[in-house]
Amino acid sequence: MRSPLRIDIALGAFVAAAHLAVNPLLGKSIGVLYGDASTYHRLAKRLAESLVYGPPQTHRAPGWPIVLAVPYRFFGANPTYGLVLNAVLTGLTVVVLVKLGERLGLTVRQARIAAVGYGLFPWILVIGSTLYSETLFNLLAVSLCLIVVKLRAKRPTSIWWWLIAGLVAGCAALVRPQMALWFPVGLVFALGRRWDWKAAIVMAVGVVMIISPWAWRNYQRFDAFVPLTTSGGASLWAANNDLSGPGLVQFRLLPPVAGANEIQVDKARRRIALDWIRTHPGEFAKRVPQRLVRTFDPMSRGDKGAFGSTSLRWAVRTAWLGVLFTIFLGLLKFHRGRWLAPISFVVFVSLLPVTFGGGTFRYLIPALPFLALWSVVGVWQILGWWRRTYAPTGRAASG
């Protein structure tokens, strides 16, 4: 039995309203334009007002600024409109996540609980109170996963559905470039057991159709091939140096890098980072598991340190360990077949980039929709075990 769409939309609207209700409080304590959000706001503002992108010209992928520029264009470049957009995108993600959960085999109740739990998860509320790109990216990632799961379960007569998957994947890559690491996995899903080369080619064409205008724009301006961004070198260098440890280091603490443009600076930073990895293989190998631990720590900062007081940190971490235990139980039950699709997103979009680019919980946010599904499965496992162990039998209860 499929969940009625109107109920799912109502749940999405409830989550969106909850975000709008807490935004003033969280935005005041954290800052709507905290960190990278100020750059996204500035890019969207200039794009809305003068239809010009940058500066920076290529350091940030254009997906989120383009979408953010739409309300800025019609209503004015006020960050409040971006927060409303974030709430709407999170509500839509809830709707799509319910459908994904059902397609993966969850009951309607389980899928709804997982989707609402994701939408009201504290970190999702926090990220929704800033102008970060995760709200848009998560909607695209969950939608793409749903498309892939549907196409894998029942191959359509028309391979052009794989074009839609490629278009969504390309849009997601222009929001967060690490989606490019998932492209080979997407092609494997398209090939399937019957090695459908047409589906794989059509999906690749969809990706190229979305990315190529941006890549061509960059080539015309800089005479260089930049398909997504020039932020890769910066991310790599911020995590691989003598000061960063398992996290990231602020660039003001690193020596300046000279270059005629953003592309040359990015290449120089990448070269410095790779040289450091080659000359410090032992230290790099030691940092990889530390980065993964920091990624699963909900109180970790991007640079060194953590949020909150010591008592608050450990209270949150203890509660999060309980959630991780339910996710582990869910993974034990569902880790094959159609569930390989969400596993691929968690591994290639969230965890693989961390091994090279430093660990922080923000990098786990794209995996949270899928982890919510496994968490609910784990909770049902625990409830089933409790009923079998402690619930009275019919005869004993009547006696």
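Everything quoted here is computed from the prediction, not taken from an experiment.

Once that is clear, we can look at the overall build of the protein chain. Helices and strands together make up the secondary structure of the protein chain, namely 17 helices and 0 strands. Taking 21 Å as the expected radius of gyration for a compact globule of 399 residues, we find that the protein chain reaches 22 Å, a close match to that expectation. Relative to its 399 residues, the protein chain shows a buried fraction of 50%. For the protein chain, contacts bridging at least 24 residues in sequence account for 74% of all contacts bridging at least 6. For the protein chain, the exposed area adds up to about 19,300 Å²; of that, 67% sits on carbon and sulfur atoms.

A contiguous nonpolar patch, built from Trp195, Trp197, Ile201, Val205 and Met209 and spanning about 580 Å² of accessible area, is present on the exposed surface. Position of isoleucine 201 relative to the elements: it lies in helix α10 (residues 197–222).

Turning to the packing of helix α1 (residues 5–30) against helix α5 (residues 108–119), a few remarks are in order. α5 packs onto α1 with a crossing angle of 20 degrees between their chain directions and a minimal axis gap of 10 Å. By the criterion of interaxial angle, the relationship of α1 to α5 is roughly parallel. The two elements α1 and α5 meet at a crossing, and its hand is right-handed. Touching Ile7, Asp8, Leu11, Val15 and His19 of α1 are Arg112, Val116 and Gly119, all from α5. Tallied by class, the residues present in the contact of α1 with α5 amount to 4 nonpolar, 2 polar and 2 charged.

Turning our eyes to something else, we now look at the pattern of salt bridges. Enumeration over the complete set of coordinates arrives at 13 salt bridges. Among the ionic pairs, aspartate 266 bridges to arginine 270, the shortest N-O distance being 3.2 Å. Residue aspartate 266 and its partner arginine 270 are located together in helix α12 (residues 262–279), separated by 4 residues, close to a single helical turn. Overall, the relative accessible area of 7% leaves aspartate 266 in the buried class. Look at the salt bridges and you will find they share partners, linking Asp36, Arg60, Glu134, Arg176 and Arg362 into a network.

Our next topic: the packing of aromatic side chains. Following the criterion strictly, the structure yields 14 aromatic pairs and no others. Plain terms: the ring middles of tryptophan 320 and phenylalanine 361 are 5.4 Å apart, the flat faces sit at 85 degrees to each other, and that makes the pair edge-to-face. A residue pair is termed long-range when its members are at least 10 positions apart, and tryptophan 320 in helix α14 (residues 310–333) and phenylalanine 361 in the loop between α15 (340–357) and α16 (368–390) qualify at 41 residues. You'll find tryptophan 320 and phenylalanine 361 in the same group, each marked buried. Relative to phenylalanine 370, the ring of phenylalanine 345 has its centre 5.5 Å away and its plane inclined at 25 degrees; by these criteria the two rings are stacked. Of this pair, phenylalanine 345 sits in helix α15 while phenylalanine 370 sits in helix α16, and the two are 25 residues apart along the sequence. With respect to burial, phenylalanine 345 and phenylalanine 370 carry one shared label: buried.

In contact at an axis separation of 9 Å, helix α3 (residues 63–75) and helix α4 (residues 79–103) are set at 120 degrees when each is read in the N-to-C sense. Considering the angle they form, α3 stands oblique to α4. Of the two possible hands of crossing, α3 and α4 adopt the one that is right-handed. Taken together, the residues of α4 that come into contact with α3 (itself represented by Trp64, Val67, Leu68, Pro71, Tyr72 and Phe75) are Pro79, Tyr81, Gly82, Leu85, Asn86 and Leu89. Broken down by class, the residue content of the contact of α3 with α4 amounts to 10 nonpolar, 2 polar and no charged.

On to α1. For α1, which comprises 26 residues, the first-to-last C-alpha distance of 35 Å matches the rise-based estimate of 38 Å (1.5 Å per residue) to within 8%. When the local axis directions of α1 are compared, the greatest deviation, roughly 45 degrees, occurs at asparagine 23, which is followed within four positions by the proline proline 24. Buried within α1 are the following residues: Asp8, Gly12, Val15, Ala16, Ala18, His19, Asn23, Leu26 and Gly27. Looking at the packing, one finds that the buried side of α1 touches α4, α5 and α6 (122–128).

For any part of a model where pLDDT is low, the fine detail of the predicted coordinates should not be relied upon. Averaged over all residues, the pLDDT of the protein chain equals 90, while 96% of them reach at least 70. Confidence over residues 394–399 falls short of pLDDT 50; this stretch has 1 contact with residues more than four positions distant or in other chains.

Moving on: the environment of glycine 330. When you line up the elements, glycine 330 lands in helix α14. By relative accessible area, glycine 330 is classed as buried at 0%. With 48 residues separating them along the chain, glycine 330 and glycine 378 place their C-alpha atoms 4.3 Å apart.

A word on the environment of proline 56. Within the secondary structure, proline 56 sits in the loop between α2 (36–50) and α3. We classify proline 56 as buried; its relative accessible area is 16%. In this view, proline 56 contacts Thr39, Arg42, Leu43 and Glu262; residues no more than four positions away in its chain are not counted.

Another aspect to go through is the state of the cysteines. Throughout this description, disulfide means a covalent bond between two cysteine sulfur atoms. For the structure shown, the criterion picks out 0 disulfides. Left unpaired, cysteine 171 is separated from the closest cysteine sulfur, that of cysteine 145, by 17 Å.

Quick look at the nonpolar core now. Counting residues in hydrophobic clusters, the biggest one holds 91 residues, and the most contacted among them are Leu100, Leu144, Met179, Trp182, Phe345 and Leu368. In terms of residue count, the dominant contributor to this core is helix α7 (residues 134–153) (13 residues). The contact partners of leucine 144, leaving out residues within four places of it in the chain, are Ala165, Val168, Ala169, Met179, Trp182 and Phe345. Formed by 5 residues, the second largest nonpolar core is a distinct cluster that contains Leu236, Val249, Leu254 and Ala273.

Quick notes on the rules
Residues numbered from 1 in each chain as written. Predicted model: local features only at pLDDT ≥ 70, side-chain atom pairs only at ≥ 80, totals over all residues. Heavy atoms only, no water. Helix = DSSP H or I, 4+ residues; strand = E, 2+ residues; numbered from the N terminus. Rg over C-alpha atoms; globule rule 2.2 N^0.38 Å. Buried < 20%, exposed > 50% of the residue type's maximum accessible area, 1.4 Å probe, protein only. Contact = heavy atoms within 4.5 Å. Areas by Shrake-Rupley, 256 points an atom, 1.4 Å probe, with all protein chains shown as cover. Patch = residues over 30% accessible without salt bridge, like charges linked within 9 Å, V, L, I, M, F, W, Y side chains within 5 Å. Salt bridge = Lys/Arg side-chain N within 4 Å of Asp/Glu carboxyl O. Axes fitted to C-alpha atoms, helices over the stretch in contact; angles between N-to-C directions. Parallel < 35°, antiparallel > 145°, perpendicular 65-115°, else oblique. Left-handed = near helix turned anticlockwise from the far one by under 90°. Nonpolar A, V, L, I, M, F, W, Y, C, P; charged D, E, K, R; others polar. Phe/Tyr/Trp six-rings, centres within 6.5 Å; stacked < 30°, edge-to-face > 60°. Expected span 1.5 Å × (residues − 1). Bend = angle between axes of the 7 residues up to and from the residue. pLDDT = per-residue confidence, 0-100. Disulfide = S-S within 2.5 Å. Core = buried A, V, L, I, M, F, W, Y, C linked by side-chain atoms within 4.5 Å.

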